[in-house]
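# Chain and residue survey
The lines below spell out each chain.
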Amino acid sequence: MWREWEVAKKIRETDDVVTFVVKRIDDRLVKSSLPGQYVTVRMMMPDGVPQPRQYSLTRADDGESRQFSVKRVRGFGIEPAGEMSTLLHESVDVGDIVTTSLPYGDVVLDDAGRPVVFATAGIGIAPAAGMLSHLVKAGSGLHITLLHGDLDEASFPLRRQVVTDVLESRHAEVYAWYEKGAETMEPLNGVFQGRMDLEDVDLPDDALYYMCGPLPFMQGVRTKLLERGVAPEDIQYEVFGPDLWQADLD
Ligand SMILES: Cc1cc2nc3c(=O)[nH]c(=O)nc-3n(C[C@H](O)[C@H](O)[C@H](O)COP(=O)(O)OP(=O)(O)OC[C@H]3O[C@@H](n4cnc5c(N)ncnc54)[C@H](O)[C@@H]3O)c2cc1C
């Protein structure tokens, strides 16, 4: 189940998020992931105890490598900094070996052939970036709408990758909401000031929705979608854990 990989790239996305590309170091087949799945990363902690944490795969498989993105959980008041995310940010670099599980997870892209809408905030972009990457790599003609909320453009993790994928798809649109102001250097389809408001955009009929972000964000988006008549079973969401988002909510 566990497999070792070499870190091939460590890419700084934002002040708080880095992306790791890890490459296989043996000849075993790299088992395919479904779009939206995650791997468990297992690391030896400084106290000598191995710990597991989950990270969404943020790019479609290429048979050689896996990509995941890690938000650093900073200490906050009496709460300590996150153990694994701090270790990955500070101590793991290109050339190091990391251990991951096979891909897991049930929140995966449906193959029903319906339009897809992603509603994400902060590091919640991670599973959506993976799903979008799969759709683009497959040459999908599905209509894709990516809605993302963040503090500002500089805080939007994986922004270059998802904007590039949206442009390549030609059936995709991306809209952003930035709390600090509606400024962008990217060719987005729309950018708005403040928190995500679904009234700002036209959404396709009969879409399937995938959400990831802080719980209050997902609850708010889900409520709005239900008010618009979207069926509950057409809304899926990935929960990263209740504590990860604290800094995003201040
Ligand atoms: C399915 C899934 C997918 C995920 N995908 C991603 C992803 O793509 N990218 C990503 O960045 N994260 C992702 N996560 C979250 C990730 O797995 C980790 O939870 C995250 O990186 C934090 O781990 P950590 O070891 O740094 O923090 P931890 O050490 O586990 O700490 C977490 C929180 O608990 C608090 N805490 C710890 N100990 C104490 C204590 N004694 N008293 C009070 N508070 C304490 C910390 O201050 C922190 O706020 C995902 C989670 C799941 C379940």
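Here is a short report on the structure shown in this document. Treat the numbers as computed from the prediction; the structure is a model and nothing was measured.

Quick look at the overall build of the protein now. Counting its secondary structure elements, the protein contains 4 helices and 12 strands. Radius of gyration (C-alpha) of the protein: 18 Å, near the 18 Å computed for a compact globule of 250 residues. Seen along its three principal axes, the alpha-carbon backbone of the protein occupies a region of about 50 × 45 × 35 Å. Looking at the protein as a whole, 39% of its 250 residues are labelled buried. Considering only contacts in the protein between residues 6 or more positions apart, those separated by 24 or more positions represent 67%.

The subject of this paragraph is unusual backbone geometry. The general pattern is negative phi for most residues beyond glycine and trans for most peptide bonds. With a phi angle near 65°, arginine 170 is a residue other than glycine that sits in the positive phi range. Classification of arginine 170 as exposed rests on a count of 8 C-beta atoms within 10 Å. Positive phi values are uncommon outside glycine, yet aspartate 206 reaches one of about 65°. You can see aspartate 206 is positioned in the loop between strand 10 (190–193) and strand 11 (208–212). Taking the number of C-beta atoms within 10 Å as the measure of exposure, aspartate 206 has 10 and is therefore exposed.

The next point concerns the site of the ligand. In the neighbourhood of the ligand, 26 residues make up the surrounding shell, with Glu79, Gly82, Met84, Ser85 and Ala126 lying closest. Sorting the residues of the shell around the ligand by element identifies strand 4 (50–56), strand 5 (65–71) and helix 1 (83–91) as the ones contributing at least two each. Residues that form the shell around the ligand fall into these classes: 11 nonpolar, 9 polar and 6 charged.

Strand order in the open sheet formed by 6 strands is 10-9-8-7-11-12, and the pairing between neighbours is parallel. Edge strands, defined here as strands with exactly one partner in the open sheet, are strand 10 and strand 12 (235–238). Averaged over neighbouring strand pairs, the angle between their axes works out to 15° when direction is ignored. In this structure, strand 9 (residues 172–178) lies alongside strand 10, joined through 4 bridges in parallel fashion. Within the sheet, the bridge partner assigned to tyrosine 175 lies in strand 10 and is glycine 190. Set on the sheet, helix 3 (residues 159–169) makes contact with strand 8 (144–150) and strand 9; between it and strand 9 the angle comes to about 150°. On top of the sheet, helix 4 (residues 215–227) reaches strand 7 (116–121), strand 8, strand 11 and strand 12; it is set at about 160° to strand 11, its chief contact.

Read across the sheet, 6 strands follow the order 4-3-6-1-2-5 without closing on themselves; strand pairing throughout is antiparallel. The outermost strands of the open sheet, each flanked by one partner alone, are strand 4 and strand 5. Across the sheet, the axes of successive neighbouring strands diverge by a mean angle of 40°, strand direction being ignored. Pairing between strand 1 (residues 3–12) and strand 6 (residues 97–100): 4 bridges, direction antiparallel. When the bridges of strand 6 are listed, arginine 3 appears paired with threonine 100. Each of strand 2 (17–24), strand 3 (38–44), strand 4 and strand 5 is contacted by helix 1, which is oriented at about 115° to strand 5, the strand it contacts most.

A word on the packing of helix 2 (residues 125–137) against helix 3. One can describe the packing of helix 2 onto helix 3 by two numbers: an axis separation of 10 Å at closest approach and a directional angle of 30°. Of the possible angle classes, the one that applies to helix 2 and helix 3 is roughly parallel. Taken as a pair, helix 2 and helix 3 cross one another with a handedness that is left-handed. Residues Ile125, Ala129, Leu132, Ser133, Leu135 and Val136 of helix 2 pack against Gln161, Val162, Asp165, Glu168 and Ser169 of helix 3. Tallied by class, residues from the contact of helix 2 with helix 3 come to 6 nonpolar, 3 polar and 2 charged.

Here we take up helix 4. Taking 1.5 Å as the rise per residue, helix 4 with 13 residues should run 18 Å; its terminal C-alpha atoms sit 18 Å apart, in good agreement. Those residues of helix 4 lying buried are Phe217, Met218, Val221 and Leu225. One face of helix 4 carries all of its buried residues, which in axial projection span an arc of 90°. Projecting away from the buried face of helix 4 at angles above 90 degrees are the exposed residues Pro216, Gln219, Thr223, Leu226 and Glu227. Where helix 4 terminates, the next one or two residues include glycine 229, which has phi positive at roughly 95°.

What counts, and at which threshold
Residues numbered from 1 in each chain as written. Predicted model: local features only at pLDDT ≥ 70, side-chain atom pairs only at ≥ 80, totals over all residues. Helix = DSSP H or I, 4+ residues; strand = E, 2+ residues; numbered from the N terminus. Rg over C-alpha atoms; globule rule 2.2 N^0.38 Å. Buried ≥ 20, exposed ≤ 12 C-beta atoms within 10 Å, placed from the backbone. Contact = placed C-beta atoms within 7 Å. Near = placed C-beta within 6 Å. Nonpolar A, V, L, I, M, F, W, Y, C, P; charged D, E, K, R; others polar. Pairing = 2+ DSSP bridges. Axes fitted to C-alpha atoms, helices over the stretch in contact; angles between N-to-C directions. Parallel < 35°, antiparallel > 145°, perpendicular 65-115°, else oblique. Left-handed = near helix turned anticlockwise from the far one by under 90°. Expected span 1.5 Å × (residues − 1). Arc of directions from axis to C-beta.

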